[in-house]
Amino acid sequence: MEKKQKKQQNYLHSDFYIRRIHSLLGIIPIGIFLCFHLFMNSSAIIGVEAWAAVIDGMRSIPFVIVAEIGIIAIPFIFHIVYGLYIVYFSKMNMKYQYYRNWMFILQRITAIITTIFVIEHVVFVRIMTASTMDVMTAMAHVVQTPLGFVLELIGVWASVFHFSNGIFTFLITWGILQGERLQKLFSILTMLLCAGMFLWTLIILIRIAMMPI
Ligand code: HEM
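Attention here is on the structure that accompanies the text.

1. Thoughts on the overall build of the protein
Inference 1: In terms of regular secondary structure, the protein is built from nine helices and zero strands.
Inference 2: Mapped from its N terminus to its C terminus, the protein presents α and β elements in the order α-α-α-α-α-α-α-α-α.
Inference 3: Counting across all 213 residues of the protein, residues that qualify as buried make up 15%.
Inference 4: Counting contacts in the protein only where the partners sit at least 6 residues apart, residues at least 24 apart contribute 78% of the total.

2. Some details on the site of the ligand
Inference 1: Of all residues adjacent to the ligand, which total 27 residues, the nearest are Ser23, Gly26, Gly83, Gly166 and Thr169.
Inference 2: Those elements giving two or more residues to the shell around the ligand turn out to be helix H2 (16-41), helix H5 (64-89), helix H6 (99-127) and helix H8 (146-173).
Inference 3: Broken down by element, the residue count for the shell around the ligand peaks at eight residues, all from H8.
Inference 4: The residue inventory of the shell around the ligand, partitioned by class, reads 12 nonpolar, 13 polar and two charged.

3. Remarks on unusual backbone geometry
Inference 1: With omega at 10°, the peptide bond leading from isoleucine 28 into proline 29 counts as cis.
Inference 2: With respect to the helices and strands, proline 29 occurs in helix H2.
Inference 3: Non-glycine residue phenylalanine 63 carries a positive phi angle of around 55°.
Inference 4: In this fold, phenylalanine 63 is placed in the loop between helix H4 (48-59) and H5.

4. A few points about the environment of glycine 47
Inference 1: Tracing the backbone through its elements, the reader meets glycine 47 in the loop between helix H3 (43-46) and H4.
Inference 2: Glycine 47 sits 160 residues away from arginine 207 along the chain, and the two C-alpha atoms are 7.8 Å apart.

5. Quick word on helix H9 (residues 180-209)
Inference 1: Helix length check: H9, at 30 residues, gives a terminal C-alpha distance of 43 Å against a target of 44 Å (1.5 Å per residue), a fit within 8%.
Inference 2: All of the buried residues along H9 are Thr190, Met197, Thr201, Ile204, Leu205 and Ile208.
Inference 3: Of the surrounding elements, those touching the buried residues of H9 are H2, H3, helix H7 (132-143) and H8.

6. Observations concerning the nonpolar core
Inference 1: One finds Ala44, Trp51, Ile55, Val135, Met136, Met139, Val142, Val143, Ile204, Leu205 and Ile208 forming the largest nonpolar core, which totals 11 residues.
Inference 2: Looking at this core, the elements that each hand over two or more residues are H4, H7 and H9.
Inference 3: A total of five residues in this core trace back to one element, the largest contributor, which is H7.
Inference 4: Excluding residues within four positions of it along the chain, leucine 205 makes contact with Val143, Phe149 and Glu152.

7. Describing the packing of H4 against H7
Inference 1: H7 packs onto H4 with a crossing angle of 125° between their chain directions and a minimal axis gap of 9 Å. The orientation of H4 relative to H7 falls into the category oblique. Viewed along their axes, H4 and H7 form a crossing whose handedness is right-handed. Of H7, the residues touching H4 (which contributes Trp51, Ala52, Ile55, Asp56 and Arg59) are Thr132, Val135 and Met136.
Inference 2: Within the contact of H4 with H7, the residues separate by chemical class into five nonpolar, one polar and two charged.

8. Some thoughts on the packing of H2 against H8
Inference 1: Where H2 contacts H8, the two axes come as close as 10 Å, and the packing angle between them is 140°. Regarding the angle of H2 to H8, the classification is oblique. In the packing of H2 onto H8, the handedness of the crossing is left-handed. Within the contact between the two elements, H2 uses Ser23, Gly26, Ile27, Gly31 and Leu34 and H8 uses Ser159, Phe163, Gly166, Phe170 and Thr173.

What counts and what doesn't
Residues numbered from 1 in each chain as written. Predicted model: local features only at pLDDT ≥ 70, side-chain atom pairs only at ≥ 80, totals over all residues. Helix = DSSP H or I, 4+ residues; strand = E, 2+ residues; numbered from the N terminus. Buried ≥ 20, exposed ≤ 12 C-beta atoms within 10 Å, placed from the backbone. Contact = placed C-beta atoms within 7 Å. Near = placed C-beta within 6 Å. Nonpolar A, V, L, I, M, F, W, Y, C, P; charged D, E, K, R; others polar. Expected span 1.5 Å × (residues − 1). Core = buried A, V, L, I, M, F, W, Y, C linked by C-beta atoms within 7 Å. Axes fitted to C-alpha atoms, helices over the stretch in contact; angles between N-to-C directions. Parallel < 35°, antiparallel > 145°, perpendicular 65-115°, else oblique. Left-handed = near helix turned anticlockwise from the far one by under 90°.

Note that every value here comes from positions in space, so none of it alone points to a role or purpose.
See below:
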C-alpha cells in the first residue's frame, strides 16, 4: 500500500480531538472575527471619515496586539497548518458528481486561496502599515486597479464561501444537523449567507475604490 494511502487511513481513525479543535476554531474565534471584521469595515460605505474613525478606534484598543496574537493569530495559524494537513491527505473523489462532493472539493480549494489571501492581507494592510491613513491607502490602492479589485474579490469570495459552507460542515461534524430535510434547508441557508456576505463586501470594496485617497 502506498505511503500516502496508509497515512490517509491512519489519519481517518486518529486525530479525532485535534480535528474537533480545528473545527471549533473555524467558528470560534475565526468565523466570529470574520463577521466582526466585515461589520467594522462596513463603515467605509458611509464614507472616508466614518471608516477612518472606526480604524482609529480599533487601533487604539489597549493591548490590541496581545488580543490580535492570542485571540486571532494563534487559533488561525493552528487552523491553517492543520487545515493544509487535511487538504494534503484528503481523497478528492472526482468520480462522483454529487453536490456535496463538489462542496467538499471547493472547501479545500477555498482553504488554499484563503491562506494566500489572508497572508497578503495581513502583511500589506496590518504589518506594513503604521497609521490609519496607511491602512486606508493600502486597501484603496489595491482595489483601485482592475487586477487588484478582481484578486481582492476572489480572496473575499473564497473566505466567505469557506466560512458559509464551513458552518454547514461544522453542524454535521458536531452531530447537530441530522435528517435530510434539515440538511437541505441549511445547505440553502448557508449558500444564501455566502451570497449575502459576498455582495455586502463587494459594496464595501466599490466604496473604497471610489475614495479619493
Ligand atoms: C476566513 C477564514 C476561515 C474561516 C472563518 C474558517 C472556518 C472554517 C469552518 C467553520 C470549517 C468547518 C469545520 C467543520 O467542518 O467541522 C472549516 C473547515 C476547514 N478549514 Fe477553515 N476557515 C478559514 C480559513 C481557512 C484556511 C486559511 C485554511 C487553510 C488551510 C482552512 C482549512 C480548512 C479545512 C481543510 C477545512 C475542512 C475540515 C474538514 O473537512 O474536516 N480554513 N473552516
